[in-house]
There are 2 protein chains.
Amino acid sequence: MTGGGRILLGHGSGGKLYRDLVRDVFLAEFSNPVLERLEDAASLATSGRVAFTTDAHVVQPLRFPGGDIGRLAVAGTVNDLATAAARPLALAAAFIIEEGFALAELVEICRSMKRTADEAGVAIVTGDTKVVQRDAADGLFITTTGVGEIVVGHELGAETVREGDAVILSGTIGDHALAVLAARGDFHFATVLVSDCAPLWDLVEAAVVAAGEALRFLRDPTRGGLTMVLNELAESSGLGVEIEDEAVPVSPAVRSACDLLGYEPFSLANEGKMVFVVAAQKAEELLGALRGRPLGARAARIGHVTAAHPGRVALRTAFGTRRVLDMPVGELLPRIC
Amino acid sequence: MTGGGRILLGHGSGGKLYRDLVRDVFLAEFSNPVLERLEDAASLATSGRVAFTTDAHVVQPLRFPGGDIGRLAVAGTVNDLATAAARPLALAAAFIIEEGFALAELVEICRSMKRTADEAGVAIVTGDTKVVQRDAADGLFITTTGVGEIVVGHELGAETVREGDAVILSGTIGDHALAVLAARGDFHFATVLVSDCAPLWDLVEAAVVAAGEALRFLRDPTRGGLTMVLNELAESSGLGVEIEDEAVPVSPAVRSACDLLGYEPFSLANEGKMVFVVAAQKAEELLGALRGRPLGARAARIGHVTAAHPGRVALRTAFGTRRVLDMPVGELLPRIC
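Predicted, not measured: the structure shown is a model, and the values here were computed from it.

**Q** Help me understand the overall build of chain A in this model?
**A** A count of helices and strands for chain A gives nine helices and 13 strands. Taken along its principal axes, the extent of the C-alpha atoms in chain A is 65 × 50 × 30 Å. Out of the 337 residues in chain A, the part that is buried amounts to 64%. Taking as baseline every contact in chain A between residues at least 6 positions apart, the subset at least 24 positions apart corresponds to 85%. If you sum the accessible surface of chain A, you get close to 11500 Å²; carbon and sulfur atoms cover 50% of it. Where the 31 positive side-chain charges of chain A centre and where its 43 negative ones centre are 2 Å apart.

The structure is reproduced here in structure tokens:
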């Protein structure tokens, strides 16, 4: 492919260089029959209810322990579909690339996208690429969009949540945000922090099957972390949430880094976790289904829904004290996804 | 809304500032019941065949005569769906914003998106926003993704094209690319050049109804222009295309600017045009349907499909000479969409 191994402005044109990039990189890496048609719009067969979600990814650096922007982009979109109990049907990927970006790195990132999409049983069926001149973007941004087929018949959402429902978390929190910060060299830390970045459809499907109509709400705690998800749940349901501090799984490495840096794991972003609200009588079935899979091995029942303090999230410590977990205000950690 | 009228890094967080931005700008401007649920994935009801397309928009400047990045983003996606004969069902919009970007400008651009979506009878039902630090992006990038419902039962595409089919263009070419160049101040020109940026679903629907199963192929000539669309048609169909130079509508302003600057209108990008290939016996019906609508008033039959020179596009001039219209190679005009 022309360009001396680097992206040229011409790779963003509608001309021959652009077609070379599409064929030699995107088609080669994402290889599937729908994409190969190279139509402006991909055709999918579907029926029933469709979920639709989009996410821009601007993570810096592009690679970090446990993942890279490509894995993040695919996992983030699959997981957003999963919050609607939707099996991923197809993904779209739009690339904004800075002139001079190394082609070899683009290929590596595409491979990572393909691997992650394969894990989730979905294909990247359509896409777009724009190239901007040097300094008009920071290396590479990827926007992924997904369509999925909703596999449940009942309504899900905060408004379906009831007093006494159990709150379940699929695993440890804080891993992604701290892994990215560490990869930036923002701090030096002896233990390796590894992002949890992973597509969760399989895990969510198992939970959906186990809980059936008792499943009320699911959401992935990305930017704003667990704090944000629980506050939105409290606000939209008109009920309160009570969380047991000790019950929330946090890895020793994240715990130490948080102690050292003054962060709270509750507000840190995750990219491979899911929060479930389920009627209490089905909580153990759902937990069992999660724990039976590697990505849910550390799943825990972390609290419950209460009518005691509507709109608020309370954290109960091991010493029996309680404090309010307020919504985070601004941005402590930009560009972690 | 906090931030002194400018986008802060915190507007890209998952916290309160982010929610304010989503509510005060995106929800307020795109207002519709699906988006208002603020779910990570929007739910759509659908059945049958679905078309799916994505496009990143990096146009510079953000505003130009005839449009802006918001109108471009919505029209571009609606038109890509239209190439699959798909009625737009829902749009997603992902914003990458440079820290310090003026909120008032973001609101104006969102209004333009809403107006354009209304014209096309579609809503923006899901979205995402990331904010990057100063100089890590150039103001604003918008990636739009669309899902649409395919309204024809028969297959469309270059491989269905036959010798003798008519090639029809919905109006003048070159307007968009030159309007953006002029808005950049790259050249001074007395006549105002106005972008053709418009959503074409209504026009395409009329054409689809008029041509029925005689319609073989449709494609919007954006980057790479008419030259690119016709070359791809020739390549994928294994047939040739013959175009009458005189028959291709070009506005006097575009003609003069091209003469002055040495551009060829055939390779310039358009954002409100469609190329149709239709069985010859239905060409007049399709033309009539296009001409009956404002966006198709200057529609013309510009050529035909031939077995004479497979894989090639020939341009026949008024003097009877012929030359090959080759695929453009690199990028003459970066960031026009």
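**Q** Please explain the sheet that holds strand 11 (residues 300-306) of chain B as it appears in this structure.
**A** Backbone-to-backbone hydrogen bonds join strands into a sheet, with any given pair of strands oriented parallel or antiparallel. Residues and elements named next belong to chain B. The sheet built from seven strands is open, its strands ordered 8-10-7-11-9-12-13 with mixed pairing. Edge positions in the sheet fall to strand 8 (215-219) and strand 13 (322-324), since each has one partner strand and no second. Going across the sheet, the axis of each strand differs from the next one's by a mean of 25 degrees, ignoring polarity. Bridge count between strand 9 (residues 240-244) and strand 12 (residues 313-316): four bridges; the pairing is parallel. Across the sheet, the residue bridging to E242 is A314, located in strand 12.

**Q** How do you make sense of unusual backbone geometry when you look at a structure like this?
**A** The omega angle of the peptide bond from A:Q60 to A:P61 is 0 degrees, so this bond is cis rather than trans. Secondary-structure assignment places A:P61 in the loop between strand 1 (42-57) and strand 2 (63-64). Of note in the backbone geometry, B:R335 takes a positive phi value of approximately 55 degrees without being a glycine. Along the chain, the position of B:R335 falls in the segment after strand 13. A relative accessible area of 5% means that B:R335 is categorised as buried.

**Q** Hey, could you run me through the sheet that holds strand 9 (residues 240-244) of chain A in this one?
**A** Residues and elements named next belong to chain A. With mixed pairing, the seven strands of this open sheet are ordered in space as 8-10-7-11-9-12-13. Two strands in the sheet have a free side with no partner beyond their single neighbour: strand 8 (215-219) and strand 13 (322-324). Adjacent strand axes in the sheet meet at a mean angle of 25 degrees, parallel and antiparallel pairs treated alike. Direction of pairing for strand 8 relative to strand 10 (residues 275-278): antiparallel, over a ladder of four bridges. Among the inter-strand pairings, L218 is bridged to a residue of strand 10, identified as F276.

**Q** In this structure, what is going on with the packing of aromatic side chains? I would like to understand it.
**A** For any pair of aromatic rings, geometry is given as the distance between the ring centres together with the angle between the planes. On inspection of all chains with the given rule, the structure shows seven aromatic pairs over all chains. Through successive ring pairs, a cluster of aromatic residues spans A:F26, A:F30 and A:F95. A cation over an aromatic ring shows up here: A:R223 above the ring of B:Y18, its NZ or CZ 4.4 Å from the ring centre.

**Q** Before we go on, may I ask you to explain the relation of the copies chain B and chain A in this structure?
**A** Two copies of a chain can be linked by a rotation about an axis combined with a shift along that same axis. Expressed as a screw operation, the relation of chain B to chain A combines 0.0 Å of axial shift with a rotation of 180 degrees, fitting to an RMSD of 0.0 Å. The two molecules are tied by a two-fold rotation axis, judged by turn and shift.

**Q** How should I be thinking about the pattern of salt bridges in this particular structure?
**A** When the charged atoms of two side chains lie near each other, side chains of opposite charge can form a pair. One pass over the structure, following the stated rule, counts 52 salt bridges over all chains. In this structure, B:E232 and A:R19 form a salt bridge, with 3.5 Å as the shortest nitrogen-oxygen distance. In this pair, B:E232 is assigned in helix 7 (residues 225-237) and A:R19 in helix 1 (residues 16-30), connecting two distinct chains. Classification of A:R19 as buried rests on a relative accessible area of 12%.

**Q** Help me out: how do you make sense of the domain arrangement of chain A in this one?
**A** Size of an interface: often given as the accessible area lost when the parts come together. All names here are of chain A. The domain boundaries assigned to chain A delineate domain 1 (9-150) and domain 2 (158-324). The gap between the C-alpha centroids of domain 1 and domain 2 is 28 Å. At the interface, 23 residues of domain 1 touch 23 residues of domain 2. Both sides of the domain 1 and domain 2 interface together cover about 1800 Å² of buried area, and 65% of this is carbon and sulfur. When residues of domain 1 are sorted by the area they lose upon contact with domain 2, P65, N79 and T83 head the list and together hold 28% of the total.

**Q** Quick question: what am I supposed to make of helix 6 (residues 201-211) of chain B here?
**A** Counting along an α-helix, one turn takes 3.6 residues, and residues three or four places apart therefore face a common direction. Along helix 6 of chain B, the residues classified as buried are B:W201, B:L203, B:V204, B:A206, B:A207, B:V208 and B:A211. Positive backbone phi, approximately 55 degrees, marks B:G212, located one or two places after helix 6 of chain B.

**Q** Looking at this structure, I do not really get the side chain of A:D68. What am I missing?
**A** Residue and element names in this part refer to chain A. Note on placement: D68 falls in strand 3 (residues 67-68). Here D68 sits buried without a salt bridge, and the closest side chain of opposite charge, R115, lies 5.1 Å off (N-O distance). In this structure the side chain of D68 is engaged in a polar contact, spanning 2.7 Å, whose partner is the backbone nitrogen of G70. Contact partners of D68, with chain neighbours within four places excluded, come to L62, R63 and S112.

**Q** I keep staring at the pairing of strand 11 of chain B and nothing clicks. Help me out?
**A** Each regular strand shows side chains that alternate between the opposite faces of the sheet. Residue and element names in this part refer to chain B. With five of seven residues buried, strand 11 lies mostly within the body of the structure. Strand direction decides the pairing type here: strand 7 (residues 166-169) and strand 11, joined by four bridges, are antiparallel. Within strand 11, the residue paired with A166 across the bridge is H304. When strand 9 meets strand 11, the two strands line up antiparallel, connected through four bridges. Within strand 11, the position partnered with G240 by the bridge is T306.

**Q** Just checking my understanding: could you explain the environment of A:E213 for this structure?
**A** Mapped onto the elements of the fold, A:E213 is located in the loop between helix 6 (201-211) and strand 8. Between the alpha carbons of A:E213 and A:H154 there is a distance of 6.6 Å; along the sequence they are 59 residues apart.

Calculation criteria
- Residues numbered from 1 in each chain as written.
- Chains lettered and ligands numbered in written order.
- Predicted model: local features only at pLDDT ≥ 70, side-chain atom pairs only at ≥ 80, totals over all residues.
- Heavy atoms only, no water.
- Helix = DSSP H or I, 4+ residues; strand = E, 2+ residues; numbered from the N terminus.
- Buried < 20%, exposed > 50% of the residue type's maximum accessible area, 1.4 Å probe, protein only.
- Contact = heavy atoms within 4.5 Å.
- Areas by Shrake-Rupley, 256 points an atom, 1.4 Å probe, with all protein chains shown as cover.
- Lys, Arg positive; Asp, Glu negative; His and termini not counted.
- Charge placed at Lys NZ, Arg CZ, Asp CG, Glu CD.
- Pairing = 2+ DSSP bridges.
- Axes fitted to C-alpha atoms, helices over the stretch in contact; angles between N-to-C directions.
- Phe/Tyr/Trp six-rings, centres within 6.5 Å; stacked < 30°, edge-to-face > 60°.
- Lys NZ or Arg CZ within 6 Å of the ring centre and 35° of its normal.
- Least-squares fit on C-alpha atoms with pLDDT ≥ 70 in both.
- Salt bridge = Lys/Arg side-chain N within 4 Å of Asp/Glu carboxyl O.
- Domains from an automatic or database assignment.
- Buried area = accessible area lost by both parts, 1.4 Å probe.
- Polar contact = N/O pair within 3.5 Å; in protein donor to acceptor, adjacent residues only side chain to side chain.

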